[in-house]
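Each chain, written out:
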Protein chains: 2
Amino acid sequence: MTEPRLSRGLRDLLPDQTLARQEMVDIIRRVYELYGFVPLSTPAIEYLDVLSGSAGQETQQSIFRVTNPEREELGLRFDLTVPLARVIAQYADLPRPFRRYQVSPVWRADKPDKGRFREFTQFDLDSVGTESEIADTEIIAGMCDTLSALRIERYQVRFSSRTILNLLLDFAGIPQERSVDVFRVLDKLDKAGIDKVRLELMQGYKDESGDFIRGLGLVQNQVDRIEKFLAIKSDSRNDVLTQVRDLFGQSPNIDAVARISDHLYALGYGDDRVSLDLSIARGLAYYTGPVFEAVLLDAPQFGSIFGGGRYDNLVMRFLGERIPAVGASIGVDRLLAALTYLGKIGKQKSTARVLITNMDPALADDYLKMTWELRRAGVPTELYIGTAKGPGKQLKYADQYEIPLAILYGTNEKSQGVVTVKDMSVGREQTK
Amino acid sequence: MTEPRLSRGLRDLLPDQTLARQEMVDIIRRVYELYGFVPLSTPAIEYLDVLSGSAGQETQQSIFRVTNPEREELGLRFDLTVPLARVIAQYADLPRPFRRYQVSPVWRADKPDKGRFREFTQFDLDSVGTESEIADTEIIAGMCDTLSALRIERYQVRFSSRTILNLLLDFAGIPQERSVDVFRVLDKLDKAGIDKVRLELMQGYKDESGDFIRGLGLVQNQVDRIEKFLAIKSDSRNDVLTQVRDLFGQSPNIDAVARISDHLYALGYGDDRVSLDLSIARGLAYYTGPVFEAVLLDAPQFGSIFGGGRYDNLVMRFLGERIPAVGASIGVDRLLAALTYLGKIGKQKSTARVLITNMDPALADDYLKMTWELRRAGVPTELYIGTAKGPGKQLKYADQYEIPLAILYGTNEKSQGVVTVKDMSVGREQTK
């Protein structure tokens, strides 16, 4: 016999979890369809060279390799951004801006951990072919509208911009080509704290496990200037803009961010929902402008559940042409876990609202007609067709699936022209 | 530069096709949720030994192999039935009957051909853990309800049963252990015609390409009896039952099929929609009872777009225990192609119903407010944020995506407090 099992980092979603995920994804889809985004679907398998060019070394190692009968080198996609870039490059006649969403699984052979899987679902949305700050505004507003549609009351979308961080590099006398290293370290601020970030910017340090974390070799004066910048904090986006102008002087880079903030104010996305947090750097190398993420204030332990930014160079390696783009990615599994934790989703174990018990084989056609009458009236209904004969076990089945109503019908009921309706939640019986 | 391309047999679904597929899948989902089926989600990657045990040799060769950092032998699923069998065996406490649907891609490295892809989507529904003929009835009725929900007027669900075909084996003096071979040949009747089927049942023949098709070696008298059986045809299920009883005599095998037919009559699924066609054998080895398929009468060239049957032994190789099951699989891509051919689906290129043109950067906040006002009122709306400055190219963009309405607004309109609404379908302009 074969042992029924899954390889590590893979998992099944049983019906209650799949129902919750479908409900959540449908809600998000409705938000982006209201925004006029169009859905795209790409295959799971891509050529390895298509996939790997944009990936950092760590991501490259985590690609699941696949081969076909022609012995080509293929792999499973590790994100939805690379396939988007390929599509943009491959179909020259796609009208631009191309604003698409895609919800699909991606695969990464990382070390599996609690809540970390090797197959997980992403919901991505991107506007390709536009430099407009309205596109950035829309992505941020869409995060807010999505979280509201999911009935999350308290959340915060934080944004910043790589172009402001570039001003910081000048201010601190750091060459622009070191930006990726510096931003990668700054991105650890939330998790590692300022002391460790300071050490990593300078001489490095030994972490708890004894491993040596190499420093970037900045000098005290540079790190002081970075810390001055990181000290800019306010609940008001306008205040943050004033402070950063005080520090760096007037700059078109700051004006561009101010316009996004103003657009958001005009649409009613106030400081309570969207904050300008200049410590947000996002680790990825490919961002070129605004960057953003969202956290649920009542479930901060789930981290950032939305993340994105502007990346104007991604299609470059296919086309040799710069095509601006901005987008965000929702970690569907992480968001679902957070919503479940907050009790906002996942309340249904079944789709059926009524179970018709099946006690007398001679009444089969009556049961069937009753079932279809309810279904045709739009009431999700199941007729019990398992092996249990008596009502007790059949009602237990309704209990297991949390089906709210059960209907009992036998020769007695038939002769009287009634059915017995049992409300499974309170156990009370009604005859009608 | 990397060439943006896909490996053979793989394809992208661009937005109009993805929208059509989503619409179709949502309609099918609603039918099965009304039936009380629950959704299941399993990973794309399974252990190779889990996958391959149930697969015929041809299917085994078509499995896309995958490996992980632990160098285990894995593969991409080639159907949704094997993962279901694994789930049933792995989660002993799933309430039974377990009636699930799953809509997911599957992968087969077959020879690609027109309309034949190496990644394609299936929509499967199965009732596991029940011998009840009501379960078979429900699968057949569900096919009808699905096709009606998809606005297909003329279709035919054809069914038969392996148990009746077993009577044929006795009648023709063929040992039961040859059933798989015989049924495989009978299943070719529709495509190959009676003459070739007859030759393949007997001495074999040379096909057009000169290849020799080996015969099963039956004798004339046996084939005569098979042909007598295949001659049973009627538009009435009851007539077919009478004819088969005339040929074979009374039998519980025939009675079981008659009960399914009677249930269907009771629910209003008459001879016009469901026929009893005893030549339906379905090639697969694992069927044990009723088998069925559906064809669209106005698009017969797409073949059977639903297929299924009862398979009571599938979980056996995991559990050593017989667990009855019946189900059907919808070829989502094939059905979508047929619906598109019939003009029943695929009419939207965009989700936006309104495009707000963007002519004056100074009015950005006005445009944004207008856009969000419409979105918040539930009207899918897009604000143009591309590079085109004048109205002509912006309206062309609306044309490309077939967005029905465009709104034009400039300083003139602002001073007069009006907007210009352009109906893109007739090109007529209205000011309001």
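The preceding data block contains the structure.
Residues numbered from 1 in each chain as written. Chains lettered and ligands numbered in written order. Predicted model: local features only at pLDDT ≥ 70, side-chain atom pairs only at ≥ 80, totals over all residues. Heavy atoms only, no water.

Residue and element names in this part refer to chain A. Between helix α6 (residues 162-171) and helix α10 (residues 220-230), the least distance of the axes is 9 Å, while the angle of their chain directions is 145 degrees. The crossing of α6 and α10 is right-handed. From α6, Ile164, Leu165, Leu168 and Phe171 reach across to α10, where they touch Arg225, Ile226 and Phe229. Considering only residue class, the contact of α6 with α10 consists of six nonpolar, no polar and one charged. (Axes fitted to C-alpha atoms, helices over the stretch in contact; angles between N-to-C directions. Helix = DSSP H or I, 4+ residues; strand = E, 2+ residues; numbered from the N terminus. Left-handed = near helix turned anticlockwise from the far one by under 90°. Contact = heavy atoms within 4.5 Å. Nonpolar A, V, L, I, M, F, W, Y, C, P; charged D, E, K, R; others polar.)

Turning our attention to the relation of the copies chain A and chain B. The two copies are related by a screw motion: chain A maps onto chain B through a turn of 180 degrees and a shift of 0.0 Å along the axis, at an RMSD of 0.0 Å. Read as a symmetry element, the transformation amounts to a two-fold axis. Considering only C-alpha atoms, the part of chain A nearest the rotation axis is Val66(A), at 2.5 Å. Comparing contact sets, 100% of the residues at the interface of chain A also lie at the interface in chain B, consistent with an isologous, same-surface contact. (Least-squares fit on C-alpha atoms with pLDDT ≥ 70 in both.)

Contacts between the two partners involve 104 residues from chain A and, on the opposite side, 104 residues from chain B. Taking both partners together, chain A and chain B bury about 8,900 Å²; carbon and sulfur atoms supply 60% of that area. Linking chain A to chain B there are 14 salt bridges. For Arg86(B), the salt bridge is made with Asp12(A), and the minimal N-O distance between the two is 2.7 Å. (Buried area = accessible area lost by both parts, 1.4 Å probe. Salt bridge = Lys/Arg side-chain N within 4 Å of Asp/Glu carboxyl O.)

Now for the sheet that holds strand β4 (residues 73-76) of chain A. Read from one edge of the open sheet, six strands run β2(A)-β4(A)-β3(A)-β3(B)-β4(B)-β2(B), paired in antiparallel fashion. Taken across any chain shown, the strands that pair with only one partner, and hence form the sheet edges, are β2 (45-47) of chain A together with β2 (45-47) of chain B. Ignoring which end each strand starts from, the neighbouring axes of this sheet average 40 degrees apart. Judged from the three bridges that link them, β2(A) and β4(A) form a sheet pairing that is antiparallel. (Pairing = 2+ DSSP bridges.)

With that settled, consider the pairing of strand β12 (residues 306-310) of chain B. Residues and elements named next belong to chain B. For β12, a buried count of five out of five residues is recorded, marking the element as mostly surrounded by other parts of the structure. Residues Phe306, Gly308 and Arg310 point to one face of β12 and Gly307 and Gly309 to the other, with burial holding for every one of them. For strand β11 (residues 290-296) and β12, the ladder comprises four bridges, and the chain directions are antiparallel. Residue pairing in the sheet places Ala294 in a bridge with Phe306 of β12. Across five bridges, the pairing between β12 and strand β13 (residues 325-331) is antiparallel. By the bridge assignment, Arg310 is partnered in β13 with Val326. (Buried < 20%, exposed > 50% of the residue type's maximum accessible area, 1.4 Å probe, protein only.)

Okay, the pattern of salt bridges next. The tally for this structure, following the rule as stated, stands at 66 salt bridges over all chains. When the shortest N-O distance is used, the salt bridge between Arg86(A) and Glu46(A) registers 2.7 Å. Taken together, the positions of Arg86(A) in helix α4 (residues 81-90) and Glu46(A) in strand β2 put the pair 40 residues apart, joining distant regions of the chain. Each member of the pair, Arg86(A) as well as Glu46(A), is classed as buried. The residue Arg99(A) makes a salt bridge to Glu382(B) at a minimum N-O spacing of 3.3 Å. Of this pair, Arg99(A) sits in strand β5 (residues 98-107) while Glu382(B) sits in strand β15 (residues 381-383), each in a different chain. The class for Glu382(B) is buried, based on a relative accessible area of 2%.

Looking now at unusual backbone geometry. All names here are of chain A. In this model, Arg96 is joined to Pro97 through a cis peptide bond whose omega is 0 degrees. Its location among the elements puts Pro97 in the loop between α4 and β5. Its identity is not glycine, yet Arg71 carries a phi of approximately 60 degrees, on the positive side. Of note, Arg71 is situated in the loop between β3 (65-67) and β4. Phi is positive for Glu402, which is not a glycine, with a value near 55 degrees. Tracing the sequence through the fold places Glu402 in the loop between α16 (391-400) and β16 (405-408). When its relative accessible area of 42% is taken as the criterion, Glu402 is described as partly exposed.

This structure, assessed with the given rule, holds 26 aromatic pairs over all chains. Put simply, the rings of Tyr32(A), Tyr35(A), Phe37(A), Tyr101(A), Phe123(A) and Trp372(B) touch in pairs and so form one group of aromatic residues. Sitting over the face of the ring of Trp372(A), Arg375(A) holds its NZ or CZ atom 4.5 Å from the ring centroid. Positioned above the aromatic ring of Phe171(B) is the side chain of Arg225(B), whose terminal nitrogen or guanidinium carbon lies 4.5 Å from the ring centre. (Phe/Tyr/Trp six-rings, centres within 6.5 Å; stacked < 30°, edge-to-face > 60°. Lys NZ or Arg CZ within 6 Å of the ring centre and 35° of its normal.)

Residue and element names in this part refer to chain A. The end-to-end C-alpha distance of helix α15 (residues 364-376) is 18 Å, a good match for the 18 Å that 13 residues give at a rise of 1.5 Å each. Listing the buried residues of α15 in full gives Ala364, Tyr367, Leu368, Met370, Thr371, Trp372 and Arg375. Looking one or two places after α15, you find Gly378, whose phi comes out positive at around 90 degrees. (Expected span 1.5 Å × (residues − 1).)

All names here are of chain B. Contact geometry for helix α9 (residues 194-201) and helix α10 (residues 220-230): axes closest at 11 Å, N-to-C directions at 145 degrees. For the element pair α9 and α10, the recorded crossing hand is right-handed. On α10, the residues that touch Ile194, Arg198 and Leu201 of α9 are Val223, Ile226, Glu227 and Leu230. Its residues assigned to classes, the contact of α9 with α10 comprises five nonpolar, no polar and two charged.

Our focus in this paragraph is the sheet that holds strand β10 (residues 274-276) of chain B. Residues and elements named next belong to chain B. Pairing within the open sheet is mixed, and its eight strands lie in the order β1-β5-β6-β13-β12-β11-β7-β10. Of all the strands in the sheet, the pair left with one neighbour each is β1 (38-39) and β10. The pairing of strand β7 (residues 155-161) with β10 spans three bridges and is classified as parallel. Following the sheet pairing, Arg158 is matched in β10 by Ser275. Here helix α4 (residues 81-90) sits on the sheet and contacts β5 (98-107) and β6 (119-128); the angle it forms with β6, its principal contact strand, is near 40 degrees.

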